[in-house]
Amino acid sequence: LSVSDTEKTQVRQPHGYLYANAKPARAVTVTLGASYDHYEEGDLDSNSFNPKLGAQWDVSDRVSLRAAVFKTVKPALVNNRTIEPTQVAGFNQFFDDVNGTKSWRYAAGLDWRMTADLAAGSEFSYREMDEPLFTDDGGDRFESRDEQFHKLYLYWTPSERVAVNSQLSYDRYTSENGIATEFDNLPKKVRTVSLPVGITYFSKSGWFSGITGSFVDQDVKRSGTATQADGDDSFTVVDGVIGYRFGKRLGVASLGVSNIFDKDFKYQDDSYREFRDEPSIGPYFPDRTVMGRLTLNY
């Protein structure tokens, strides 16, 4: 039994949805919704009713709470665009999953503006996924994956020209033992803890510069039949950027350097769980990388 080679298949996905926002109290907003998907691709033929529930509570002018629980089916999007609401209570519904993946997400968050110059918050999220496999023997076949993502963030502007930001993140991905882990190099577990701390300076003339130091600790486990590496590593990497903002919001030119000190390390990026049309770029590079960027608005 093996995963089928990539081939052209016809995709049919009749889809409907309905959302409504209600305010049972002045400071509370509740989101109720549902969608229905009938997904057909090759031998996969799946139906799913997807409830949505979210709530936002402005406890005070400085503190707000958010929570949500919802089910989603990853649609086959054209250019990754959809007119369906992509968030419930501020939490993303759609990820770069395999088309047809069914997922439940449970999430809660706290946003706290402590002073005019200092903001902090936290977010806790758990996803349960049933990911379809397109195999040579046909029929509907799903495997289970789980994701946890938790973060604490801090934003500080000690002056009108300086901004400081930091975010402590815990990311854990696990997959059941199955076809994808045994034959397609999918990791059985990836656990990543990261702590970036950055500072950026903005001058009156339009110039800006910034530097970010990131501590990363990661552990990756694969099956004994996998042909890709696993293991663990801890490292600290430093990135920098310098740039200029054109007047009248005409655009931005910047030059960035990732891994300034050319530090060598092992890091598993998110390519194993992203299925987007365009290639993704990881946040950390094991080699010094210089990138120029020019954005013009007209």
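Residues numbered from 1 in each chain as written. Predicted model: local features only at pLDDT ≥ 70, side-chain atom pairs only at ≥ 80, totals over all residues. Heavy atoms only, no water.

Student: I'd like a rundown of the overall build of the chain, residues and numbers included.
Tutor: Along the backbone of the chain there are 1 helix and 16 strands. Counting only C-alpha atoms and orienting by the principal axes, one finds that the chain spans roughly 65 × 55 × 40 Å. Of all 298 residues assigned to the chain, the portion counted as buried reaches 35%. Nonlocal contacts in the chain, meaning residues at least 24 apart in sequence, comprise 54% of its contacts between residues at least 6 apart. For the chain, the computed accessible surface area is about 17400 Å², with 54% contributed by carbon and sulfur atoms. For the chain, the centre of its 34 positive side-chain charges and the centre of its 43 negative side-chain charges are spaced 9 Å apart. (Helix = DSSP H or I, 4+ residues; strand = E, 2+ residues; numbered from the N terminus. Buried < 20%, exposed > 50% of the residue type's maximum accessible area, 1.4 Å probe, protein only. Contact = heavy atoms within 4.5 Å. Areas by Shrake-Rupley, 256 points an atom, 1.4 Å probe, with all protein chains shown as cover. Lys, Arg positive; Asp, Glu negative; His and termini not counted. Charge placed at Lys NZ, Arg CZ, Asp CG, Glu CD.)

Student: Can you explain the environment of Asp-233? Please cite residues and give values.
Tutor: With respect to the helices and strands, Asp-233 occurs in strand S14 (residues 231–245). The spatial distance from the C-alpha of Asp-233 to the C-alpha of Asp-262 is 16 Å, given a sequence separation of 29 residues. Ignoring sequence-local partners within four residues, the contact set of Asp-233 consists of Val-216, Asp-217, Gln-218, Phe-265 and Lys-266. Looking at Asp-233, its side chain comes within polar contact range of the main-chain nitrogen of Lys-266, at 2.9 Å. (Polar contact = N/O pair within 3.5 Å; in protein donor to acceptor, adjacent residues only side chain to side chain.)

Student: Go over the packing of aromatic side chains with me, naming the residues and quoting the values.
Tutor: In this structure the tally under the stated criterion is 12 aromatic pairs. Centroid distance Phe-235 to Tyr-284: 6.0 Å. Interplanar angle 80°. Geometry classified as edge-to-face. Placement of Phe-235 in strand S14 and of Tyr-284 in the loop between strand S15 (251–258) and strand S16 (289–296) is noted, with a sequence separation of 49 residues between them. With respect to class, Phe-235 is no different from Tyr-284; both count as buried. Between the aromatic rings of Tyr-244 and Phe-246, the centroid separation amounts to 5.6 Å while the plane-to-plane angle is 75°, which identifies the pairing as edge-to-face. Classification of Tyr-244 by relative accessible area gives partly exposed; the value is 27%. The partly exposed category is assigned to Phe-246, whose relative accessible area is 30%. One aromatic cluster in this structure is built from Phe-235, Phe-265, Tyr-267 and Tyr-284. Taking the ring centre of Phe-91 as reference, the NZ or CZ of Arg-66 above it sits at 4.5 Å. For the cation-ring pair, Arg-127 lies above Phe-95, with the distance from its terminal atom to the ring centre recorded as 4.0 Å. (Phe/Tyr/Trp six-rings, centres within 6.5 Å; stacked < 30°, edge-to-face > 60°. Lys NZ or Arg CZ within 6 Å of the ring centre and 35° of its normal.)

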